[in-house]
Amino acid sequence: MRHSTGLPTLIVMCRPCRDVDRPGRKLAELDLGPDGPSQTHHTIGQWSGPDGDDKLHLGCPACGHAPRPIRRQRITQALAAITGKSTVYL
Ligand SMILES: [Zn+2]
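Residues numbered from 1 in each chain as written. Predicted model: local features only at pLDDT ≥ 70, side-chain atom pairs only at ≥ 80, totals over all residues. Heavy atoms only, no water.

### Let's talk about helix α2 (residues 72-80)
Within α2, burial applies to Arg72, Ile75 and Leu79. What you see down the axis of α2 is that its buried residues fit within an arc of 60°, all on one side. What points out from α2, more than 90 degrees from its buried face, is the exposed set Arg74 and Ala80. In this structure, the buried side of α2 is in contact with β1 (9-13), β2 (26-33), β3 (36-39), β4 (46-48), β5 (55-57) and β6 (70-71). (Buried < 20%, exposed > 50% of the residue type's maximum accessible area, 1.4 Å probe, protein only. Helix = DSSP H or I, 4+ residues; strand = E, 2+ residues; numbered from the N terminus. Arc of directions from axis to C-beta. Contact = heavy atoms within 4.5 Å.)

Rendered as structure tokens:
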């Protein structure tokens, strides 16, 4: 079931929503392009930092959960380590 085509994709889901069986809320979907990680589809994380894109701030529209900002470097490392799609809960 491995999709070998396409970019590595990291899907970030809301952990509190999962824990109460609220329908899964996608906080962000990122893929790894030539310029580094970028958000795909309609996800709405906000980049911030001295260079404008050092950290990704996420917020759940369903429950208001706001996980700690994720550093761009960590996203890049996570994407580099996966093939196809991977889902994490924050
Ligand atoms: Zn939530």
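Structure shown, so let's carry the discussion forward.
### Side note on the sheet that holds strand β7 (residues 85-89)
Ordered by their spatial adjacency, four strands build an open sheet running β3-β2-β1-β7, and the pairing between neighbours is mixed. Only two strands of the sheet have a single neighbouring strand rather than two, namely β3 and β7. Across this sheet, the average inter-strand angle for adjacent strands is 25°, counted without regard to direction. In this sheet, β2 lies alongside β1 in antiparallel orientation, the contact comprising five bridges. In the strand pairing of β2, isoleucine 11 is matched with glutamate 29. (Pairing = 2+ DSSP bridges. Axes fitted to C-alpha atoms, helices over the stretch in contact; angles between N-to-C directions.)

### Considering the nonpolar core
Among the nonpolar cores identified, the biggest contains 15 residues, and Leu30, Leu58 and Leu79 are the most heavily contacted of them. Those elements that place two or more of their residues in this core are β1, β2 and α2. Residues contacting leucine 79, with those up to four places away along its chain left out, are Pro8, Thr9, Leu10, Leu30, Asp31, Leu32 and Pro37. (Core = buried A, V, L, I, M, F, W, Y, C linked by side-chain atoms within 4.5 Å.)

### Regarding the confidence of the model for the chain
For the chain, per-residue confidence averages 89 on the pLDDT scale, and residues scoring 70 or more make up 94% of the total. At the low end of the mean pLDDT range in the chain sits β3, at 89; at the high end sits helix α1 (residues 15-19), at 96. (pLDDT = per-residue confidence, 0-100.)

### Things to note about the environment of cysteine 14
If you trace the backbone, cysteine 14 turns up in the loop between β1 and α1. Accessibility expressed as a relative area gives 1% for cysteine 14, which makes it buried. Distance from cysteine 14 to proline 61, taken between C-alpha atoms, is 9.6 Å for residues 47 residues apart in sequence. When residues no more than four places from it in sequence are discounted, the contact partners of cysteine 14 are Arg25, Leu27, Cys60, Cys63, His65, Tyr89 and Leu90.

### Comments concerning the pairing of β1
Burial within β1 is extensive, with five of its five residues counted as buried. Every second residue of β1 is oriented toward a common face, with Thr9, Ile11 and Met13 on one face and Leu10 and Val12 on the other, all of them buried. As paired elements, β1 and β7 share five bridges and run parallel to each other. When the sheet's bridge partners are listed, isoleucine 11 is paired in β7 with threonine 87.

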